[in-house]
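Listed below, chain by chain, are the residues.
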Amino acid sequence: MRVFISYAHDTQGRKVAQALADALRKRGVDVLWDRDLPEGNPVSLPEWIVTSVTAYPVLCVLSPDYVLRFGAGDGTAARKGTLFESRVLQRRIYDHTDPGGCPVIPVAGLGFSADLAPVVLKNLVISRFDAETEDGLEQIVRRLLALRPAPVPAGPIAASVQVSGEMTLVQDLEAVAPTSAIGPALVHDWLAAVPVLDRAALLRALPAVERIIKAAGDTEAMRQMTDCCLRALPDRSPAAGDRRARAWLLIRCQAWHLHRRHELAAAVSTVDEGIRLAKECGDGGLVASGKRLLATLHCELAEVSSPYARRHHLALAVENARAASAMFDALDPAGDEYGACRNVLAGIWFTRYRLDRRRSALKLANKLAAQAVGYLPKDRAREYHELVILRARICIARGELPRARGLIDKALASLADHAGDGASYTELLGAAHLARAELRLKENGRDALVNAAREVSLALGFFDEISLPYASATCRWLLAKLVPETAGVERGDVRICERLFADSRVRLLGLEERSRRIGECVGGRWTRRTEWKEIARKLHSQV
């Protein structure tokens, strides 16, 4: 979206206009104003003003000089730009006959009296904006979004207007920053328009829509997007482009939202189907990406499976990670995609060590993580920070605590530069604090339990913020394990529960049931182990 800011060059006008322009640009709005003009004014300055004021929504920054010169000539050259802009604005307000909102929005600082506004602007709703705190910006953004043209119904008369509106929406999606406040609203508009979008516009917008949704961490929006797009694309189309688009949607989008909801088996099936389609249309890069994702999914399935199934999933994880490594190495020898695969493979072997306590697995994980360091640049922010956190956890397991502490501090310091990365940044912060909780426990200081619980609580807050239910459940389980009294059970109950169930969500249900029975004295006639067997039977029948 593009807007024009009209203001006077007095102290208040410059201050509010500058803060407003900066705040809007941070949210992905393309701002036009005279500060971006060359130092020598172009010959066509009046034409530039007329075009900007008539073609785009206008924010009028109210200040003493702006009010003084709005539409009022006095024979002097003072503020003649404001005078010219205001006369064009008056004409635009006069010509505005649509039932929707007026494209001219007056904006005033908190200390400006609305009674001082010019009559033609006083009849409009004045938005307040604090240049210091940016309070009021969200209301201004909402008013701007409301000015976007509604989707035009399909039909021969409106066809050209519809195509123009579709392309404008696609261009806005491509131009907006993924973490912009207006990004989700643009995605909402795009989802509403998907049924009438032509194939070219649909496919062109997909990468931008994916980036915005992932930055917001919105699993429901991703589900809606994939459902709408898969319906819009022919299921058994012979065209390679359609099959590639479906494969891309399955691997990059549908599997993503299933993974975040920890529906791992469904995610595996989705990726398998995506890989099949990618192979049919000859997209080796997409096949390799799918196999790398399969490796991650099977590794996580191993953590919540029985010992026999665990070995099966770990074997599949290693097989897919190695296949992805070989494919990416063939496409781009020793590139960063290859490094990302080595990172995944290191994580798989570290998971194997945690589950089976085999020192050989830990040694191999350490070796693979060290290899990945040389391939992953910092601009692969997610994979780079995942690797730093993984190396810290490996160091903790190896007893190299000072080095682990340095790596965790490095990850947290580096993540501070990625605060604008949205949900990915928040998730990595949670992972870093969980690693620090491991370190606190390993250090075994006087306040080790308290400090570890504090770190887990911080991680829980981050995971709750971006709606990661399984990660949040894992944090709540760890808190119960650190301080069983908070869950209403004893430490012996926690040990039994941990042996009976692998899934953190089921463990929490088990503790809840045990706490209820203790409170109601339901199991007074049984031993603790006998009662836990009864709880296990009950939960296995429900889950």
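Before reading on, note that the structure itself is shown above.
Fair warning: this is a prediction, and the values are worked out from it, not measured in the lab.

Rules of the game
Residues numbered from 1 in each chain as written. Predicted model: local features only at pLDDT ≥ 70, side-chain atom pairs only at ≥ 80, totals over all residues. Heavy atoms only, no water. Phe/Tyr/Trp six-rings, centres within 6.5 Å; stacked < 30°, edge-to-face > 60°. Helix = DSSP H or I, 4+ residues; strand = E, 2+ residues; numbered from the N terminus. Buried < 20%, exposed > 50% of the residue type's maximum accessible area, 1.4 Å probe, protein only. Pairing = 2+ DSSP bridges. Axes fitted to C-alpha atoms, helices over the stretch in contact; angles between N-to-C directions. Parallel < 35°, antiparallel > 145°, perpendicular 65-115°, else oblique. Left-handed = near helix turned anticlockwise from the far one by under 90°.

**Student:** Summarise the packing of aromatic side chains; cite the residues concerned and give the values.
**Tutor:** A full pass over the atoms with the stated rule returns four aromatic pairs. Here the aromatic rings of Tyr-7 and Trp-33 are separated by 5.5 Å at their centres, their planes lie at 45°, and the arrangement is tilted. Here Tyr-7, found in the loop between strand 1 (2-6) and helix 1 (11-26), pairs with Trp-33, found in the loop between strand 2 (30-32) and helix 2 (45-55); they are 26 residues apart in sequence, far enough to count as distant. A ring pair is formed by Tyr-338 and Tyr-375, whose centres lie 5.0 Å apart and whose planes are at 80°; its orientation type is edge-to-face.

**Student:** How would you summarise the pairing of strand 4 (residues 104-108) if you had to cite specific residues and measurements?
**Tutor:** With five of five residues buried, strand 4 lies mostly within the body of the structure. Neither face of strand 4 is left uncovered, since the one carrying Val-104, Pro-106 and Ala-108 and the one carrying Ile-105 and Val-107 both have all their residues buried. In this structure, strand 3 (residues 58-62) lies alongside strand 4, joined through five bridges in parallel fashion. Residue pairing for strand 4: Leu-62 is matched across the bridge by Ala-108. Looking at chain direction, strand 4 and strand 5 (residues 127-128) are connected through two bridges and run parallel. Note that in strand 5 the partner of Ala-108 across the bridge is Arg-128.

**Student:** How would you summarise the packing of helix 13 (residues 284-303) against helix 14 (residues 307-331) if you had to cite specific residues and measurements?
**Tutor:** To characterise two packed helices, one gives the angle between the axes of the helices and the distance between these axes. Across the interface, helix 13 lies against helix 14 with an axial gap of 7 Å and an inter-helix angle of 155°. When the axes of helix 13 and helix 14 are compared, the pair comes out roughly antiparallel. Crossing of helix 13 over helix 14 shows left-handed handedness.

**Student:** Break down the pairing of strand 3 for me, citing the residues and quoting the values.
**Tutor:** Strand 3 sits mainly inside the fold: five of its five residues count as buried. Burial along strand 3 is two-sided: Val-58, Cys-60 and Leu-62 facing one way and Leu-59 and Val-61 facing the other are all buried. For strand 1 and strand 3, the ladder comprises three bridges, and the chain directions are parallel. When the sheet's bridge partners are listed, Ile-5 is paired in strand 3 with Leu-59.

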